[in-house]
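# Structural characterization, general
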Amino acid sequence: MLTLSSGEEADLRELSRVISQDVSLSSKILRVANSPLYGFPTPVGTINKAVSIMGTNSVRSLVLSFSLIDMGERGRSCGFDYTRFWERSLATAVAARQLMTRCDASCAEEAFIAGLLGNLGEMLLALSFPERMREVDQQVAVHGLPRLEAERTLIGVDHAEVGAEAARRWRLPPQIAQPVRYHHDPPRAMDDPGLERLIRVAHLAAVQAEIFFAVDPRPYEEQFQRRAEELLDLSPQVCRGLCADIHAEVNETAGYFGLNLHFDRSVEEILQEANQRLGEINLAYEQANRELVRANRDLKDKAASLERLAHLDGLTEVYNRRFFQTFLYSEHSRTARSGHPLALILADVDDFKALNDSFGHVAGDQALREICHIFRQVVRDYDLVSRYGGEEFAFVLPETSLDEAGALADRLRNAIAEHDFRFDEKARRITLSLGVSAIRPAHDRMGVDCLMRGADQALLKAKSAGKNKVVLLSQAEQEALCAPLPSSRQG
(Lines give C-alpha, C1' and ligand atoms only; values in the text may rest on other atoms or scores of the structure.)
Protein backbone atom coordinates (compact mmCIF):
# COMPACT_ATOMS: atom_id res chain seq x y z
CA MET A 1 0.00 0.00 0.00
CA LEU A 2 2.80 2.43 0.91
CA THR A 3 4.69 1.55 -2.25
CA LEU A 4 1.68 1.96 -4.52
CA SER A 5 0.68 5.30 -3.02
CA SER A 6 4.17 6.82 -2.89
CA GLY A 7 4.34 7.74 -6.57
CA GLU A 8 3.13 11.03 -7.93
CA GLU A 9 0.49 9.31 -10.08
CA ALA A 10 -0.82 6.47 -7.99
CA ASP A 11 -3.12 3.92 -9.65
CA LEU A 12 -6.34 4.31 -7.67
CA ARG A 13 -7.80 1.07 -9.02
CA GLU A 14 -4.74 -0.88 -7.93
CA LEU A 15 -4.87 0.76 -4.50
CA SER A 16 -8.52 -0.17 -4.18
CA ARG A 17 -7.78 -3.74 -5.24
CA VAL A 18 -5.02 -4.16 -2.65
CA ILE A 19 -7.18 -2.76 0.17
CA SER A 20 -10.15 -4.91 -0.88
CA GLN A 21 -8.08 -8.06 -0.44
CA ASP A 22 -8.17 -7.45 3.33
CA VAL A 23 -11.80 -7.69 4.39
CA SER A 24 -11.14 -6.36 7.89
CA LEU A 25 -9.15 -3.40 6.61
CA SER A 26 -11.78 -2.65 3.96
CA SER A 27 -14.59 -2.54 6.52
CA LYS A 28 -12.59 -0.21 8.74
CA ILE A 29 -11.87 2.18 5.86
CA LEU A 30 -15.54 2.26 4.89
CA ARG A 31 -16.64 2.73 8.48
CA VAL A 32 -14.39 5.77 8.87
CA ALA A 33 -15.31 7.13 5.42
CA ASN A 34 -19.00 7.08 6.41
CA SER A 35 -18.39 8.55 9.86
CA PRO A 36 -18.94 12.19 10.87
CA LEU A 37 -15.17 12.58 10.66
CA TYR A 38 -15.62 13.13 6.91
CA GLY A 39 -19.31 13.84 6.67
CA PHE A 40 -19.75 12.95 3.00
CA PRO A 41 -23.28 13.81 1.79
CA THR A 42 -23.90 10.34 0.29
CA PRO A 43 -22.90 6.94 1.68
CA VAL A 44 -19.60 5.48 0.52
CA GLY A 45 -20.27 1.88 -0.42
CA THR A 46 -17.06 0.71 -2.08
CA ILE A 47 -13.34 0.99 -1.45
CA ASN A 48 -12.88 2.36 -4.95
CA LYS A 49 -15.24 5.24 -4.16
CA ALA A 50 -13.63 5.80 -0.77
CA VAL A 51 -10.18 6.06 -2.35
CA SER A 52 -11.48 8.39 -5.03
CA ILE A 53 -13.22 10.76 -2.62
CA MET A 54 -10.74 10.70 0.25
CA GLY A 55 -7.54 10.77 -1.80
CA THR A 56 -4.44 8.63 -1.61
CA ASN A 57 -2.83 10.54 1.27
CA SER A 58 -5.82 10.09 3.57
CA VAL A 59 -6.28 6.44 2.67
CA ARG A 60 -2.58 5.72 3.09
CA SER A 61 -2.55 7.37 6.55
CA LEU A 62 -5.66 5.44 7.62
CA VAL A 63 -4.23 2.13 6.42
CA LEU A 64 -1.02 2.81 8.33
CA SER A 65 -3.00 3.80 11.43
CA PHE A 66 -5.08 0.63 11.34
CA SER A 67 -1.97 -1.48 10.78
CA LEU A 68 -0.27 0.05 13.78
CA ILE A 69 -3.34 -0.38 15.94
CA ASP A 70 -3.41 -4.06 14.97
CA MET A 71 0.08 -4.47 16.46
CA GLY A 72 -1.54 -4.54 19.87
CA GLU A 73 -0.75 -8.16 20.69
CA ARG A 74 2.94 -7.70 19.99
CA GLY A 75 2.96 -4.52 22.05
CA ARG A 76 1.44 -6.22 25.06
CA SER A 77 3.93 -9.08 24.85
CA CYS A 78 6.74 -6.52 25.28
CA GLY A 79 5.16 -4.99 28.35
CA PHE A 80 4.13 -1.87 26.42
CA ASP A 81 0.94 -0.20 27.69
CA TYR A 82 -0.67 -0.39 24.30
CA THR A 83 -4.16 0.62 25.38
CA ARG A 84 -2.98 3.75 27.14
CA PHE A 85 -0.80 4.68 24.16
CA TRP A 86 -3.74 4.61 21.74
CA GLU A 87 -6.03 6.32 24.24
CA ARG A 88 -3.59 9.23 24.34
CA SER A 89 -3.02 9.13 20.57
CA LEU A 90 -6.74 9.15 19.83
CA ALA A 91 -7.36 12.00 22.30
CA THR A 92 -4.51 13.93 20.63
CA ALA A 93 -5.95 13.25 17.16
CA VAL A 94 -9.42 14.44 18.12
CA ALA A 95 -8.00 17.53 19.83
CA ALA A 96 -5.94 18.31 16.71
CA ARG A 97 -8.98 17.94 14.49
CA GLN A 98 -11.09 20.21 16.70
CA LEU A 99 -8.33 22.81 16.85
CA MET A 100 -7.75 22.81 13.09
CA THR A 101 -11.49 23.04 12.45
CA ARG A 102 -11.44 26.40 14.23
CA CYS A 103 -8.49 27.58 12.11
CA ASP A 104 -8.91 25.94 8.69
CA ALA A 105 -11.54 23.21 8.34
CA SER A 106 -10.05 22.01 5.03
CA CYS A 107 -6.98 20.72 6.90
CA ALA A 108 -8.86 19.06 9.76
CA GLU A 109 -8.32 15.55 8.38
CA GLU A 110 -4.57 16.03 8.09
CA ALA A 111 -4.47 17.37 11.64
CA PHE A 112 -6.34 14.29 12.87
CA ILE A 113 -3.85 11.84 11.29
CA ALA A 114 -0.89 13.97 12.44
CA GLY A 115 -2.20 13.81 16.00
CA LEU A 116 -2.92 10.09 15.79
CA LEU A 117 0.62 9.26 14.61
CA GLY A 118 2.40 12.03 16.50
CA ASN A 119 3.99 9.72 19.07
CA LEU A 120 4.54 6.85 16.67
CA GLY A 121 8.24 6.80 17.55
CA GLU A 122 7.44 6.11 21.21
CA MET A 123 5.71 2.86 20.28
CA LEU A 124 8.53 1.87 17.89
CA LEU A 125 11.14 2.44 20.60
CA ALA A 126 9.06 0.48 23.15
CA LEU A 127 8.80 -2.48 20.74
CA SER A 128 12.52 -2.32 19.86
CA PHE A 129 14.05 -1.52 23.28
CA PRO A 130 11.49 -2.59 25.91
CA GLU A 131 13.94 -2.74 28.81
CA ARG A 132 15.45 0.67 28.17
CA MET A 133 12.05 2.25 27.64
CA ARG A 134 10.97 0.93 31.02
CA GLU A 135 13.99 2.74 32.45
CA VAL A 136 12.86 5.86 30.58
CA ASP A 137 9.41 5.55 32.15
CA GLN A 138 11.01 5.28 35.58
CA GLN A 139 13.19 8.36 35.01
CA VAL A 140 10.15 10.33 33.91
CA ALA A 141 7.86 9.14 36.73
CA VAL A 142 10.30 9.12 39.64
CA HIS A 143 12.79 11.86 38.80
CA GLY A 144 10.60 14.13 36.64
CA LEU A 145 13.06 14.03 33.71
CA PRO A 146 11.55 15.19 30.37
CA ARG A 147 10.77 12.13 28.23
CA LEU A 148 12.76 13.21 25.17
CA GLU A 149 15.81 13.94 27.33
CA ALA A 150 15.52 10.59 29.13
CA GLU A 151 15.25 8.76 25.79
CA ARG A 152 18.30 10.51 24.35
CA THR A 153 20.26 9.71 27.52
CA LEU A 154 19.34 6.02 27.78
CA ILE A 155 18.82 5.06 24.11
CA GLY A 156 20.71 7.71 22.13
CA VAL A 157 17.73 8.96 20.16
CA ASP A 158 14.27 10.32 21.07
CA HIS A 159 10.90 9.12 19.82
CA ALA A 160 10.27 12.31 17.78
CA GLU A 161 13.36 11.58 15.67
CA VAL A 162 12.46 7.89 15.31
CA GLY A 163 8.88 8.69 14.31
CA ALA A 164 10.00 11.25 11.75
CA GLU A 165 12.50 8.80 10.23
CA ALA A 166 9.80 6.11 10.01
CA ALA A 167 7.47 8.60 8.30
CA ARG A 168 10.25 9.47 5.81
CA ARG A 169 10.92 5.83 4.97
CA TRP A 170 7.20 5.15 4.58
CA ARG A 171 7.02 8.21 2.28
CA LEU A 172 4.31 9.88 4.28
CA PRO A 173 3.57 13.45 3.17
CA PRO A 174 5.14 16.41 5.02
CA GLN A 175 1.75 17.20 6.55
CA ILE A 176 2.20 14.04 8.64
CA ALA A 177 5.99 13.72 8.94
CA GLN A 178 6.73 17.29 10.05
CA PRO A 179 4.26 17.37 12.98
CA VAL A 180 5.63 13.99 14.12
CA ARG A 181 9.14 15.49 14.20
CA TYR A 182 8.47 18.91 15.68
CA HIS A 183 5.21 18.90 17.65
CA HIS A 184 7.19 18.75 20.94
CA ASP A 185 9.17 21.84 19.94
CA PRO A 186 7.31 23.98 17.33
CA PRO A 187 9.94 26.77 17.12
CA ARG A 188 12.41 24.30 15.55
CA ALA A 189 10.08 23.51 12.62
CA MET A 190 10.91 24.50 9.06
CA ASP A 191 9.75 27.91 7.86
CA ASP A 192 6.58 26.87 6.04
CA PRO A 193 3.41 28.81 7.02
CA GLY A 194 1.07 25.91 6.22
CA LEU A 195 3.11 23.29 8.04
CA GLU A 196 3.91 25.70 10.89
CA ARG A 197 0.23 25.99 11.79
CA LEU A 198 -0.24 22.23 11.55
CA ILE A 199 2.75 21.67 13.85
CA ARG A 200 1.39 24.20 16.35
CA VAL A 201 -1.97 22.44 16.29
CA ALA A 202 -0.29 19.06 16.91
CA HIS A 203 1.67 20.59 19.81
CA LEU A 204 -1.43 22.06 21.44
CA ALA A 205 -3.39 18.85 20.88
CA ALA A 206 -0.73 16.83 22.73
CA VAL A 207 -0.92 19.24 25.68
CA GLN A 208 -4.73 19.09 25.65
CA ALA A 209 -4.73 15.27 25.62
CA GLU A 210 -2.60 15.15 28.77
CA ILE A 211 -5.52 16.62 30.73
CA PHE A 212 -7.29 13.25 30.39
CA PHE A 213 -4.34 11.27 31.77
CA ALA A 214 -2.26 13.42 34.12
CA VAL A 215 -2.45 12.91 37.88
CA ASP A 216 -2.75 16.68 38.22
CA PRO A 217 -4.33 18.02 35.00
CA ARG A 218 -4.45 21.68 36.05
CA PRO A 219 -0.91 22.62 34.87
CA TYR A 220 -1.70 21.17 31.41
CA GLU A 221 -5.01 23.03 31.24
CA GLU A 222 -3.29 26.30 32.18
CA GLN A 223 -0.48 25.63 29.69
CA PHE A 224 -3.00 24.80 26.96
CA GLN A 225 -4.98 28.02 27.39
CA ARG A 226 -1.83 30.13 27.51
CA ARG A 227 -0.20 28.47 24.50
CA ALA A 228 -3.44 28.40 22.47
CA GLU A 229 -3.63 32.16 22.74
CA GLU A 230 0.06 32.58 21.90
CA LEU A 231 0.23 30.13 18.96
CA LEU A 232 -3.26 30.26 17.43
CA ASP A 233 -4.78 33.40 18.96
CA LEU A 234 -7.63 31.39 20.50
CA SER A 235 -9.57 32.99 23.34
CA PRO A 236 -10.22 31.23 26.67
CA GLN A 237 -13.91 30.98 25.73
CA VAL A 238 -13.06 29.12 22.51
CA CYS A 239 -10.73 26.82 24.46
CA ARG A 240 -13.48 25.93 26.93
CA GLY A 241 -15.86 25.03 24.11
CA LEU A 242 -13.11 22.99 22.49
CA CYS A 243 -12.63 20.91 25.65
CA ALA A 244 -16.31 19.89 25.69
CA ASP A 245 -16.28 18.93 21.99
CA ILE A 246 -13.12 16.83 22.39
CA HIS A 247 -14.66 14.71 25.12
CA ALA A 248 -17.76 13.93 23.04
CA GLU A 249 -15.81 13.14 19.87
CA VAL A 250 -13.19 10.91 21.52
CA ASN A 251 -15.81 8.44 22.66
CA GLU A 252 -17.53 8.46 19.25
CA THR A 253 -14.32 8.19 17.21
CA ALA A 254 -12.90 5.26 19.21
CA GLY A 255 -15.51 2.92 17.73
CA TYR A 256 -14.63 3.86 14.16
CA PHE A 257 -11.07 2.66 14.73
CA GLY A 258 -12.08 -0.52 16.54
CA LEU A 259 -10.74 0.76 19.86
CA ASN A 260 -12.59 -0.19 23.02
CA LEU A 261 -12.06 3.19 24.68
CA HIS A 262 -14.44 5.33 26.67
CA PHE A 263 -13.66 8.50 28.58
CA ASP A 264 -16.25 8.67 31.34
CA ARG A 265 -15.42 12.19 32.43
CA SER A 266 -15.29 15.39 30.45
CA VAL A 267 -12.35 17.77 30.74
CA GLU A 268 -14.48 20.04 32.91
CA GLU A 269 -15.30 17.16 35.26
CA ILE A 270 -11.64 16.11 35.38
CA LEU A 271 -10.58 19.64 36.31
CA GLN A 272 -13.37 19.94 38.89
CA GLU A 273 -12.24 16.68 40.47
CA ALA A 274 -8.63 17.88 40.44
CA ASN A 275 -9.65 21.15 42.11
CA GLN A 276 -11.65 19.20 44.67
CA ARG A 277 -8.63 16.99 45.40
CA LEU A 278 -6.48 20.11 45.66
CA GLY A 279 -8.98 21.59 48.08
CA GLU A 280 -8.91 18.41 50.15
CA ILE A 281 -5.10 18.46 50.11
CA ASN A 282 -5.06 22.12 51.14
CA LEU A 283 -7.61 21.39 53.87
CA ALA A 284 -5.51 18.50 55.12
CA TYR A 285 -2.41 20.70 54.94
CA GLU A 286 -4.14 23.48 56.86
CA GLN A 287 -5.33 20.99 59.46
CA ALA A 288 -1.84 19.51 59.75
CA ASN A 289 -0.39 23.01 59.95
CA ARG A 290 -2.84 23.96 62.70
CA GLU A 291 -1.95 20.80 64.58
CA LEU A 292 1.72 21.57 64.10
CA VAL A 293 1.25 25.12 65.36
CA ARG A 294 -0.72 23.80 68.30
CA ALA A 295 1.94 21.17 68.99
CA ASN A 296 4.67 23.83 68.82
CA ARG A 297 2.69 26.04 71.14
CA ASP A 298 2.17 23.16 73.55
CA LEU A 299 5.85 22.33 73.30
CA LYS A 300 6.80 25.93 74.05
CA ASP A 301 4.35 26.01 76.94
CA LYS A 302 5.79 22.79 78.30
CA ALA A 303 9.33 24.07 77.84
CA ALA A 304 8.41 27.29 79.62
CA SER A 305 6.68 25.29 82.34
CA LEU A 306 9.72 23.04 82.75
CA GLU A 307 12.02 26.06 82.83
CA ARG A 308 9.76 27.69 85.40
CA LEU A 309 9.69 24.51 87.49
CA ALA A 310 13.48 24.37 87.32
CA HIS A 311 13.57 27.86 88.86
CA LEU A 312 10.98 27.23 91.57
CA ASP A 313 11.17 25.68 95.00
CA GLY A 314 9.08 22.53 94.93
CA LEU A 315 7.47 23.06 98.34
CA THR A 316 6.68 26.77 98.45
CA GLU A 317 6.54 27.53 94.71
CA VAL A 318 8.62 30.68 95.16
CA TYR A 319 11.94 30.94 93.34
CA ASN A 320 14.77 28.67 94.47
CA ARG A 321 18.21 29.72 95.63
CA ARG A 322 19.90 29.06 92.31
CA PHE A 323 17.57 31.39 90.44
CA PHE A 324 17.84 33.95 93.24
CA GLN A 325 21.59 34.14 92.75
CA THR A 326 21.27 34.47 88.97
CA PHE A 327 18.67 37.21 89.32
CA LEU A 328 20.66 39.08 91.97
CA TYR A 329 23.80 39.22 89.82
CA SER A 330 21.74 40.30 86.80
CA GLU A 331 20.09 43.12 88.76
CA HIS A 332 23.43 44.23 90.19
CA SER A 333 24.81 44.59 86.63
CA ARG A 334 21.73 46.49 85.51
CA THR A 335 21.69 48.91 88.46
CA ALA A 336 25.43 49.48 88.05
CA ARG A 337 24.63 50.83 84.57
CA SER A 338 21.48 52.74 85.49
CA GLY A 339 22.71 54.26 88.77
CA HIS A 340 19.66 53.07 90.74
CA PRO A 341 19.90 51.46 94.21
CA LEU A 342 19.48 47.74 94.85
CA ALA A 343 18.10 46.38 98.12
CA LEU A 344 18.06 42.92 99.68
CA ILE A 345 15.98 41.48 102.53
CA LEU A 346 16.83 38.26 104.32
CA ALA A 347 14.01 36.85 106.45
CA ASP A 348 14.05 33.96 108.90
CA VAL A 349 11.00 32.25 110.48
CA ASP A 350 11.39 32.58 114.26
CA ASP A 351 11.38 29.37 116.33
CA PHE A 352 10.61 27.17 113.36
CA LYS A 353 12.18 24.11 114.98
CA ALA A 354 9.77 24.43 117.89
CA LEU A 355 6.87 24.51 115.40
CA ASN A 356 8.08 21.30 113.80
CA ASP A 357 8.59 19.66 117.18
CA SER A 358 5.08 20.63 118.32
CA PHE A 359 3.04 19.88 115.22
CA GLY A 360 5.28 17.79 112.98
CA HIS A 361 7.06 18.40 109.73
CA VAL A 362 3.84 18.29 107.72
CA ALA A 363 2.60 21.28 109.69
CA GLY A 364 5.95 22.96 109.16
CA ASP A 365 5.68 22.50 105.38
CA GLN A 366 2.13 23.87 105.50
CA ALA A 367 3.33 26.92 107.43
CA LEU A 368 6.07 27.63 104.86
CA ARG A 369 3.55 27.45 102.01
CA GLU A 370 1.18 29.85 103.78
CA ILE A 371 4.02 32.24 104.59
CA CYS A 372 5.07 32.38 100.92
CA HIS A 373 1.48 32.95 99.87
CA ILE A 374 1.40 36.00 102.13
CA PHE A 375 4.79 37.17 100.80
CA ARG A 376 3.46 37.21 97.23
CA GLN A 377 0.52 39.35 98.30
CA VAL A 378 2.74 41.96 99.95
CA VAL A 379 5.70 42.39 97.57
CA ARG A 380 5.57 44.26 94.28
CA ASP A 381 5.27 42.48 90.93
CA TYR A 382 8.87 43.15 90.00
CA ASP A 383 10.33 42.08 93.36
CA LEU A 384 11.80 38.59 93.63
CA VAL A 385 10.81 36.21 96.46
CA SER A 386 12.97 33.14 96.91
CA ARG A 387 13.53 30.38 99.41
CA TYR A 388 17.12 30.82 100.48
CA GLY A 389 17.28 27.64 102.55
CA GLY A 390 15.15 25.82 105.16
CA GLU A 391 12.97 28.50 106.80
CA GLU A 392 15.02 31.40 105.44
CA PHE A 393 13.88 33.60 102.55
CA ALA A 394 15.45 36.29 100.39
CA PHE A 395 13.85 39.27 98.65
CA VAL A 396 15.60 41.14 95.81
CA LEU A 397 14.19 44.65 95.46
CA PRO A 398 15.29 46.41 92.22
CA GLU A 399 15.52 50.22 92.23
CA THR A 400 14.70 50.37 95.96
CA SER A 401 16.41 52.49 98.59
CA LEU A 402 17.28 51.30 102.11
CA ASP A 403 14.33 53.13 103.69
CA GLU A 404 11.88 51.81 101.08
CA ALA A 405 13.17 48.28 101.60
CA GLY A 406 12.83 48.73 105.38
CA ALA A 407 9.19 49.78 104.99
CA LEU A 408 8.46 46.73 102.84
CA ALA A 409 10.19 44.46 105.35
CA ASP A 410 8.03 45.87 108.13
CA ARG A 411 4.88 45.18 106.10
CA LEU A 412 6.04 41.60 105.61
CA ARG A 413 6.70 41.19 109.31
CA ASN A 414 3.28 42.59 110.27
CA ALA A 415 1.45 40.49 107.67
CA ILE A 416 2.96 37.28 109.05
CA ALA A 417 2.57 38.28 112.69
CA GLU A 418 -1.12 39.12 112.26
CA HIS A 419 -2.00 35.98 110.34
CA ASP A 420 -3.72 33.08 112.15
CA PHE A 421 -1.95 29.84 111.37
CA ARG A 422 -3.97 26.75 112.31
CA PHE A 423 -2.60 23.25 112.81
CA ASP A 424 -4.87 20.40 113.94
CA GLU A 425 -7.57 23.01 114.68
CA LYS A 426 -5.14 24.87 116.94
CA ALA A 427 -4.14 28.46 116.31
CA ARG A 428 -0.50 29.41 116.25
CA ARG A 429 1.25 32.75 115.76
CA ILE A 430 4.40 32.88 113.67
CA THR A 431 6.88 35.75 113.47
CA LEU A 432 9.75 36.77 111.25
CA SER A 433 13.11 38.36 111.80
CA LEU A 434 14.31 40.41 108.83
CA GLY A 435 17.60 42.03 107.91
CA VAL A 436 17.78 44.74 105.24
CA SER A 437 20.72 46.14 103.29
CA ALA A 438 21.04 48.31 100.20
CA ILE A 439 23.80 49.46 97.90
CA ARG A 440 24.18 51.81 94.97
CA PRO A 441 26.66 49.98 92.70
CA ALA A 442 27.23 52.90 90.34
CA HIS A 443 28.44 55.09 93.24
CA ASP A 444 29.71 52.92 96.11
CA ARG A 445 31.19 50.19 93.89
CA MET A 446 29.88 47.53 96.26
CA GLY A 447 29.31 44.09 94.89
CA VAL A 448 26.78 41.30 95.41
CA ASP A 449 28.86 39.71 98.18
CA CYS A 450 28.84 42.97 100.11
CA LEU A 451 25.06 43.26 99.76
CA MET A 452 24.60 39.69 100.97
CA ARG A 453 26.91 40.16 103.94
CA GLY A 454 25.07 43.33 104.91
CA ALA A 455 21.64 41.67 104.89
CA ASP A 456 22.97 38.68 106.78
CA GLN A 457 24.56 40.96 109.42
CA ALA A 458 21.28 42.85 109.83
CA LEU A 459 19.36 39.57 110.20
CA LEU A 460 21.70 38.42 112.98
CA LYS A 461 21.07 41.71 114.79
CA ALA A 462 17.29 41.21 114.46
CA LYS A 463 17.57 37.74 115.93
CA SER A 464 19.81 38.95 118.77
CA ALA A 465 17.41 41.81 119.55
CA GLY A 466 14.60 39.40 120.42
CA LYS A 467 13.20 38.30 117.05
CA ASN A 468 10.06 39.55 115.29
CA LYS A 469 12.04 42.62 114.28
CA VAL A 470 13.33 44.42 111.23
CA VAL A 471 16.91 45.70 111.29
CA LEU A 472 18.38 47.95 108.61
CA LEU A 473 22.12 48.06 108.08
CA SER A 474 23.02 51.72 107.69
CA GLN A 475 25.18 53.06 104.87
CA ALA A 476 28.06 53.60 107.27
CA GLU A 477 27.76 50.09 108.68
CA GLN A 478 27.55 48.72 105.13
CA GLU A 479 30.72 50.55 104.11
CA ALA A 480 32.55 49.45 107.26
CA LEU A 481 31.50 45.86 106.73
CA CYS A 482 32.73 45.87 103.15
CA ALA A 483 35.89 47.91 103.69
CA PRO A 484 39.05 45.97 102.74
CA LEU A 485 41.17 44.75 105.65
CA PRO A 486 44.46 46.70 106.20
CA SER A 487 47.47 44.83 104.88
CA SER A 488 49.91 43.60 107.62
CA ARG A 489 53.60 44.61 107.59
CA GLN A 490 56.50 42.41 108.53
CA GLY A 491 59.36 44.07 110.57
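Presented here is a report on the structure given in the accompanying data block.

About the criteria used
Residues numbered from 1 in each chain as written. Predicted model: local features only at pLDDT ≥ 70, side-chain atom pairs only at ≥ 80, totals over all residues. Heavy atoms only, no water. Buried < 20%, exposed > 50% of the residue type's maximum accessible area, 1.4 Å probe, protein only. Helix = DSSP H or I, 4+ residues; strand = E, 2+ residues; numbered from the N terminus. Salt bridge = Lys/Arg side-chain N within 4 Å of Asp/Glu carboxyl O. 1 Å grid on protein atoms, 1.4 Å probe; cavity = no way out; pocket = protein on both sides within 12 Å on 5 of 7 lines; lining within 4 Å. Points joined across faces, edges and corners; volume = space filled by probe spheres on them. Nonpolar A, V, L, I, M, F, W, Y, C, P; charged D, E, K, R; others polar. Disulfide = S-S within 2.5 Å. Pairing = 2+ DSSP bridges. Axes fitted to C-alpha atoms, helices over the stretch in contact; angles between N-to-C directions. Contact = heavy atoms within 4.5 Å. Polar contact = N/O pair within 3.5 Å; in protein donor to acceptor, adjacent residues only side chain to side chain. Expected span 1.5 Å × (residues − 1). Phe/Tyr/Trp six-rings, centres within 6.5 Å; stacked < 30°, edge-to-face > 60°.

### Concerning the pairing of strand β1 (residues 342-349)
Counting buried residues along β1, eight of its eight residues qualify, which places the element largely inside the surrounding structure. Residue alternation in β1 divides its side chains into two sets, Leu342, Leu344, Leu346 and Asp348 and Ala343, Ile345, Ala347 and Val349, and both sets are buried.

### Some words on the pattern of salt bridges
The tally for this structure, following the rule as stated, stands at 22 salt bridges. With a closest N to O distance of 2.8 Å, glutamate 210 and arginine 88 form a salt bridge. Here arginine 88 lies in helix α7 (residues 82-103) and glutamate 210 lies in helix α14 (residues 193-210), a separation of 122 residues in the sequence. Note on accessibility: glutamate 210 and arginine 88 belong to one class, buried. Residues joined in a network through salt bridges with shared partners are Asp137, Arg147 and Glu151.

### Things to note about empty space enclosed by the protein
A full pass over the atoms with the stated rule returns one cavity of 30 Å³ or more. The calculated volume of the largest cavity comes to roughly 50 Å³. What lines the largest cavity is simply Val32, Leu37, Tyr38, Leu62, Arg97, Glu109 and Phe112. Of the residues in the lining of the largest cavity, the class split is five nonpolar, no polar and two charged.

### Some thoughts on unusual backbone geometry
Positioned with a positive phi, aspartate 351 is a non-glycine residue whose angle comes to about 55 degrees. Its location among the elements puts aspartate 351 in the loop between β1 and α19 (352-359). Its relative accessible area of 42% is what places aspartate 351 among the partly exposed residues.

### Notes on the state of the cysteines
Counting across every chain of the model gives one disulfide. The disulfide partner of cysteine 450 is cysteine 482, and the S-S distance across this bridge is 1.5 Å. Here cysteine 450 and cysteine 482 share a disulfide; its torsion about the S-S bond, 95 degrees, makes the bridge right-handed. Of the two residues, cysteine 450 is situated in helix α23 (residues 448-464) and cysteine 482 in helix α24 (residues 475-482); the sequence distance between them amounts to 32 residues.

### Quick word on the sheet that holds strand β3 (residues 392-398)
Within the open sheet, the five strands sit side by side as β2-β3-β1-β6-β7. Their pairing is mixed. Looking at which strands have only one partner, the edges of the open sheet turn out to be β2 (384-389) and β7 (470-472). Shown here is a sheet whose adjacent strand axes are inclined to one another by a mean of 20 degrees, direction ignored. Two elements, strand β6 (residues 432-439) and β7, share three bridges in a ladder whose sense is parallel. Residue pairing in the sheet places valine 436 in a bridge with leucine 472 of β7. Across the sheet, helix α21 (residues 402-417) lies against β1, β3, β6 and β7, angled at about 165 degrees from β6, the strand it touches most.

### Describing helix α3 (residues 23-33)
Leu25, Ser26, Lys28, Ile29, Leu30, Val32 and Ala33 are the residues of α3 that are buried. Of the residues flanking the start of α3, the one acting as N-cap is aspartate 22, its side-chain oxygen 3.0 Å from the backbone nitrogen of leucine 25.

### Some remarks on the layout of surface pockets
In this structure, the largest pocket occupies an estimated 1,200 Å³ of space. Taken together, 36 residues form the lining of the largest pocket, with Arg88, Glu122, Val140, Arg147 and Glu210 sitting closest to its centre. Mapped by element, the contributors of at least two residues to the lining of the largest pocket are α7, α9 (120-128), α10 (130-143), α11 (147-154), α14 and α15 (218-232). Broken down by element, the lining of the largest pocket gets its largest block of residues, six residues, from α10. For the lining of the largest pocket, the per-class residue count stands at 17 nonpolar, 10 polar and nine charged.

### Topic: the side chain of aspartate 383
Checked against the element boundaries, aspartate 383 lands in the loop between α20 (361-378) and β2. Within the structure, aspartate 383 has its side chain in polar contact with the side chain of arginine 380 (distance 2.8 Å). Look past the residues within four positions of aspartate 383 in its chain and what remains in contact with it is Val396, Leu397, Pro398 and Leu408.

### Some details on α10
With 14 residues, α10 should reach 20 Å at 1.5 Å per residue; the first-to-last C-alpha distance of 19 Å fits that figure. Glycine 144, located one to two residues past α10, shows a positive phi value of around 70 degrees.

### Here we look at the packing of aromatic side chains
Scanning the entire structure with this criterion turns up seven aromatic pairs. Between phenylalanine 375 and phenylalanine 393 the ring centres are 5.4 Å apart and the planes differ by 75 degrees, which places this aromatic pair in the edge-to-face class. Highlighted residues: phenylalanine 375 in helix α20 and phenylalanine 393 in strand β3, separated in sequence by 18 residues. Of the two residues, phenylalanine 375 and phenylalanine 393, neither departs from the other in class, the shared state being buried.

### Some points on the environment of threonine 400
Take threonine 400: it is sitting in the loop between β3 and α21. Sequence spacing of threonine 400 and arginine 440 is 40 residues, and the spatial spacing of their C-alpha atoms is 9.6 Å. Excluding residues within four positions of it along the chain, threonine 400 makes contact with Pro341, Leu342, Ala343, Arg380, Ala405 and Ala438. A distance of 2.8 Å separates a polar atom in the side chain of threonine 400 from the backbone oxygen of proline 398.

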